[in-house]
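# Secondary and tertiary structure notes
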Amino acid sequence: MEEIETDTQVDEILLAASNHDVSRLRNLLRNSSANVQDPETGFTPLHSAIAACEEDTSEGPKLQTNGNTNGETAEPTGREKELEAAAKTVKYLFLNGAIWNDLDFNNETPGCIALRLGLNELYELVMDAGVRAEMLLSRLDEYQILGDNDDEEDDDEGFEIIEDPTTEGATAAPTTEAPSDAQAATPAPPAQESTDPSTTQPVYLAGELDIAPDTILDSSANAVMMSWETPIMKRSAELLLPTPGLRVLNIGHGLGIIDDMFQESSPKSHHIIEAHPDVLAQMKQKGWMEKKGVVVHEGRWQDVLPKLVGARDEDGEEILFDAIYFDTFAEEYSALRDFFTEWVIQVLDPAGGKDGDGGSFGFFNGMGADRQVCYDVYQKVVEMDLFEAGFDIEWEDIEIADLQSTGEWTGVKRPYWSLKTYRLPTCKFIG
Ligand SMILES: C[S@@+](CC[C@H](N)C(=O)[O-])C[C@H]1O[C@@H](n2cnc3c(N)ncnc32)[C@H](O)[C@@H]1O
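Cut-offs applied
- Residues numbered from 1 in each chain as written.
- Predicted model: local features only at pLDDT ≥ 70, side-chain atom pairs only at ≥ 80, totals over all residues.
- Heavy atoms only, no water.
- pLDDT = per-residue confidence, 0-100.
- Contact = heavy atoms within 4.5 Å.
- Pairing = 2+ DSSP bridges.
- Helix = DSSP H or I, 4+ residues; strand = E, 2+ residues; numbered from the N terminus.
- Phe/Tyr/Trp six-rings, centres within 6.5 Å; stacked < 30°, edge-to-face > 60°.
- Buried < 20%, exposed > 50% of the residue type's maximum accessible area, 1.4 Å probe, protein only.
- Lys NZ or Arg CZ within 6 Å of the ring centre and 35° of its normal.
- Polar contact = N/O pair within 3.5 Å; in protein donor to acceptor, adjacent residues only side chain to side chain.
- Salt bridge = Lys/Arg side-chain N within 4 Å of Asp/Glu carboxyl O.
- Core = buried A, V, L, I, M, F, W, Y, C linked by side-chain atoms within 4.5 Å.
- Domains from an automatic or database assignment.
- Expected span 1.5 Å × (residues − 1).
- Right-handed = clockwise from strand over helix to strand, strands pointing away.

Residue-level pLDDT values for the protein average 87, and 82% of them are 70 or greater. Across residues 148-161 the pLDDT falls below 50, and counting only partners more than four positions away or on other chains, this stretch makes 30 contacts in the model. Long-range and interchain partners of residues 169-193, a stretch whose pLDDT sits below 50, account for 214 contacts in this model, where long-range means more than four residues apart.

Listed below in structure tokens is the structure:
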């Protein structure tokens, strides 16, 4: 049953959290939730515990007065002790079901505050909680797919879905582009589900696209693809196809940026899977269907791949690839996970690649990219899922210009990227 706290209780909980007073919290949380919010700031106890560590250079460390000490100011015993107490408080709050990614009225999660204040240890604790919550959510998701068909509402405590960890252009937290370059959302970041119906796959595929030389927008002005991603595509293509004569599979043609780059490496074969009729029409106009060595599969990868697995080419050889790239739109993180867990392992040649030491798999890493903490959480989540699926992953950093100041988002429903660094993943079979 949900607890209803009085204003006084809420104040007391927030005060105990900001004072890092775990024993007081222990008493207060017996009958209350660890996820109360200050009506003026939107702070939860986690926000309070972390924000209290802000150093006030003029007046010394800012610890608030503990209501139990008759108004005396708690004596800070040094920065290290303060941070240690904060860490204990944060851990205690997580043990009591604190949600790692609630937003305050300043649009910050507790992790955002820790990052802004340079509180690395606290940031790591929040991230770890985020990873645990997201992993648990995705496992619950699988469990429900396997057998739980009832419509009862989930009331799992302790975490909230990161909104839209879609792959491109999704909402506030990690999804794969749902829009895949994904856009972030409200309260709480990365997530398994988009809250914006316009970014679901059936709506996207049924809608008309506005395709310009530098952008593709869907019928709700979500950005499907934008040319600022060109350096990312270029480096991905270089890493995946380092020499001519290799076999590549690309999922999601978009503006064709990476497919143009793959063509520059003169691949032996180049398969492209594309689902949107408007993108396919554009491909036809540009002559992709007639290009030598190019095979365009019209449809969703979910429908195409089952037919491609085990198929043979005109020389009678099994169709396998040295390189695979995945960059779709309006799909959630679970789609990317299914892709590498179920399909990459079947069509990536373990003896492929430039040196015959195994093919490579890459994907657009845009999950949770409107918020650093969500991006970091999803990096860990995807690393764990890839490892479980049998892949090693190497990351390379690419600096991204300030897209806000260059006016990149004009006319776009929601910016799906706000970070300084893109982390480019390249995966190979373990061993
Ligand atoms: C972000 S764009 C790809 C951009 C591309 N990497 C480039 O360099 O221009 C995403 C593309 O994936 C396509 N797509 C979305 N869902 C898909 C699915 N399930 N199967 C195949 N293609 C899909 C979209 O229609 C769109 O063309």
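Attention shifts here to the sheet that holds strand β3 (residues 210-211). The strands that make up a sheet pair up through hydrogen bonds in the backbone, lying either parallel or antiparallel. Spatial strand order, β3-β4-β5: three strands in an open sheet with antiparallel pairing. A single partner strand is all that each edge strand has here, and the edge strands are β3 and β5 (223-226). Note: β3 against strand β4 (residues 215-217), two bridges, orientation antiparallel. Across the sheet, the residue bridging to I211 is I216, located in β4.

Evaluated as defined, the whole model comprises 18 aromatic pairs. On the basis of an interplanar angle of 75 degrees and a centroid distance of 5.7 Å, the ring pair of W301 and F326 is categorised as edge-to-face. In this pair, W301 sits in helix α11 (residues 301-308) while F326 sits in strand β9 (residues 323-326), placing the two residues 25 residues apart along the sequence. Ring geometry for W417 against Y422: centres 5.7 Å apart, planes inclined by 40 degrees, an arrangement best described as tilted. Overall, W417 belongs to the buried group, its relative accessible area being 3%. One Lys or Arg, K291, reaches over the ring of W288 and ends 4.6 Å from the middle of that ring.

Moving on to the side chain of H270. With respect to the element layout, H270 can be found in strand β7 (residues 269-274). A distance of 2.7 Å separates polar atoms of two side chains, one belonging to H270 and the other to D259. The contacts of H270, once residues within four sequence positions are left out, are V248, D259, F262, Q263, W288, G293, V294 and V295.

Let's shift gears to the pattern of salt bridges. Counted under the stated rule, the structure contains 17 salt bridges. Linking R79 and E82 is a salt bridge whose minimum nitrogen-to-oxygen distance equals 3.1 Å. Residue R79 and its partner E82 are both found in helix α4 (residues 79-95); the two are separated by three residues, about one turn of the helix. Here E82 falls in the buried class, since its relative accessible area comes to 4%. Each member of the salt-bridge network shares a partner with another, and the members are K234, R235, E238 and E396.

A word on the nonpolar core. Soluble, globular proteins show a tendency: their nonpolar side chains are buried together. Counting residues in each nonpolar core, the largest one holds 71 residues, and the members touching the most others are L122, F339, F340 and F361. Domain assignment of the residues forming this core places at least three in each of domain 1 (7-128) and domain 2 (203-429). With near-sequence residues (within four places) excluded, F361 lies in contact with L240, I324, F326, L336, F339, F340, V344, L348, L386, P425, T426 and C427. Listed in part, the 46 residues of the second largest apolar core include I232, V294, L419 and L424.

Its twelve residues give helix α1 (residues 7-18) an end-to-end C-alpha distance of 16 Å, which sits within 8% of 16 Å, the value for a rise of 1.5 Å per residue. Those residues of α1 lying buried are V10, I13, L14, A16, A17 and S18. Turning to α1, the residues buried within the fold contact α2 (22-28), α3 (45-51) and α4. Among the residues trailing α1, H20 stands out with phi positive, at a value near 55 degrees.

Right, let's talk about unusual backbone geometry for a bit. Its identity as a non-glycine residue notwithstanding, S266 has a phi of 45 degrees, on the positive side. Checked against the element boundaries, S266 lands in the loop between α9 (257-264) and β7. On the basis of relative accessibility, which here comes to 44%, the residue S266 falls in the partly exposed class. With phi around 60 degrees, A330 is a residue other than glycine that occupies positive phi space. Within the element layout of this structure, A330 appears in the loop between β9 and α12 (333-347).

Of all five residues making up strand β6 (residues 247-251), five are buried, and the element is well covered by its neighbours. Of the two faces of β6, the one holding R247, L249 and I251 and the one holding V248 and N250 are both buried throughout. As paired elements, β6 and β7 share five bridges and run parallel to each other. Bridge assignment links I251 to a residue of β7, and that residue is I273. Crossover connection from β6 via α9 to parallel β7: handedness right-handed.

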